[in-house]
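Here are the chains, one letter per residue:
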Amino acid sequence: MGQVTHDQANLLLRIYELRREPRLREARAWFIGHFDAKTPEEVMQKCPPGTEANTNMRMTIGYWEMAAGFSNRGLIDDELFFENSGEGFLVYDRIRDLLPAMRAMYKNPHAFGQLEAFGKRMEAWNERRAPGHIAHMRQMMTQMRSASAKSAAD
């Protein structure tokens, strides 16, 4: 376990406090419950600019990109941050397959780089601590999204 400073703990608390902001909380809930695009074209179809869905998506990804940047720069002990940031990994996992195409679309090889670096480190950390956990969580999330889509169609 890393040596955590008071400054790191305070930064983690401030990051968490931002998560409690009502509009961001709403955006995060929407993202976890509804975002399931597989291509940039599907992102544009399901979350067109100017819509609530687009705002929710940008707020959630933007928040976690910022928070991941603090972790990536060593401002917060990885273990402390990973123990308290499971949602960040879920956000990364939802967009990870989209990243190459989105970077190409934006003509920016660095787009979402903070979230990706954080997600990869957190996945490795989880695999060391609980082998198979990430694969199991991905399977559960896929089943939950399938069930949710089925009930919405019924």
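Residues numbered from 1 in each chain as written. Predicted model: local features only at pLDDT ≥ 70, side-chain atom pairs only at ≥ 80, totals over all residues. Heavy atoms only, no water.

Caption draft 1: Inspection of the overall build of the protein at higher detail. Assigned secondary structure in the protein consists of nine helices and zero strands. Listing every helix and strand of the protein by position from the N terminus yields α-α-α-α-α-α-α-α-α. For the protein, whose C-alpha radius of gyration is 16 Å, the value lies close to the compact-globule estimate of 15 Å for 154 residues. Taking the principal axes of the C-alpha coordinates as reference, the protein spans close to 50 × 35 × 30 Å. (Helix = DSSP H or I, 4+ residues; strand = E, 2+ residues; numbered from the N terminus. Rg over C-alpha atoms; globule rule 2.2 N^0.38 Å.)

Caption draft 2: Quick look at the layout of surface pockets. Each pocket or cavity is described by its volume, and for the largest pocket that value is around 210 Å³. Around the largest pocket, the lining is made up of 13 residues, and of these Lys38, Asp93, Arg94, Asp97 and Arg145 lie nearest the centre. Only helix 6 (86–95) and helix 9 (133–153) provide two or more residues apiece to the lining of the largest pocket. Class assignment for the residues of the lining of the largest pocket results in four nonpolar, one polar and eight charged. (1 Å grid on protein atoms, 1.4 Å probe; cavity = no way out; pocket = protein on both sides within 12 Å on 5 of 7 lines; lining within 4 Å. Points joined across faces, edges and corners; volume = space filled by probe spheres on them. Nonpolar A, V, L, I, M, F, W, Y, C, P; charged D, E, K, R; others polar.)

Caption draft 3: Representation of the packing of aromatic side chains. Counting across every chain of the model gives seven aromatic pairs. An aromatic cluster is built from Phe81, Phe82, Phe118 and Trp125, whose rings are joined through pairwise contacts. (Phe/Tyr/Trp six-rings, centres within 6.5 Å; stacked < 30°, edge-to-face > 60°.)

Caption draft 4: Up close: empty space enclosed by the protein. As enumerated under the stated definition, the model contains one cavity of 30 Å³ or more in all. Estimated volume of the largest cavity: approximately 30 Å³. Forming the walls of the largest cavity are Leu12, Ile15, Tyr16, Arg19, Tyr63, Trp64, Phe81, Asn84 and Ser85. Counting residues per element, the ones that place at least two in the lining of the largest cavity are helix 1 (6–19) and helix 4 (52–72). Among the residues forming the lining of the largest cavity, the class breakdown is six nonpolar, two polar and one charged.

Caption draft 5: The environment of Thr60, seen in detail. Counting through the fold element by element, Thr60 comes out in helix 4. With 52 residues separating them in the primary sequence, Thr60 and Gln8 have C-alpha atoms 22 Å apart. Setting aside residues no more than four positions away along its own chain, Thr60 makes contact with Ala27, Arg28, Phe31 and Val91. (Contact = heavy atoms within 4.5 Å.)

Caption draft 6: Quick look at the pattern of salt bridges. A complete count under the given rule lists 13 salt bridges for this structure. Here Glu116 and Lys120 are joined by a salt bridge, their closest N and O atoms 3.6 Å apart. Of this pair, Glu116 and Lys120 both sit in helix 8 (residues 113–129), four residues apart, roughly one helical turn. Given a relative accessible area of 47%, Lys120 falls into the partly exposed group. Between Glu123 and Arg138 there is a salt bridge whose closest N-O contact spans 3.0 Å. On the criterion of sequence distance, the pair formed by Glu123 in helix 8 and Arg138 in helix 9 is long-range, its members being 15 residues apart. A relative accessible area of 24% places Glu123 in the partly exposed class. Among the ionic contacts, a cluster of salt bridges with common partners joins Asp93, Arg96, Asp97, Glu123 and Arg138. (Salt bridge = Lys/Arg side-chain N within 4 Å of Asp/Glu carboxyl O. Buried < 20%, exposed > 50% of the residue type's maximum accessible area, 1.4 Å probe, protein only.)

Caption draft 7: Focus on the packing of helix 4 against helix 6. With their axes 10 Å apart at the nearest point, helix 4 and helix 6 run at an angle of 120° to one another. The orientation of helix 4 with respect to helix 6, classified from their angle, is oblique. The two elements helix 4 and helix 6 cross, and the hand of that crossing is left-handed. When helix 4 is examined against helix 6, the residues Thr60, Ile61 and Trp64 are found in contact with a partner set consisting of Glu87, Gly88, Val91 and Ile95. Here the contact of helix 4 with helix 6 is composed, by residue class, of four nonpolar, two polar and one charged. (Axes fitted to C-alpha atoms, helices over the stretch in contact; angles between N-to-C directions. Parallel < 35°, antiparallel > 145°, perpendicular 65-115°, else oblique. Left-handed = near helix turned anticlockwise from the far one by under 90°.)

So yeah, pure geometry; function would need other evidence.
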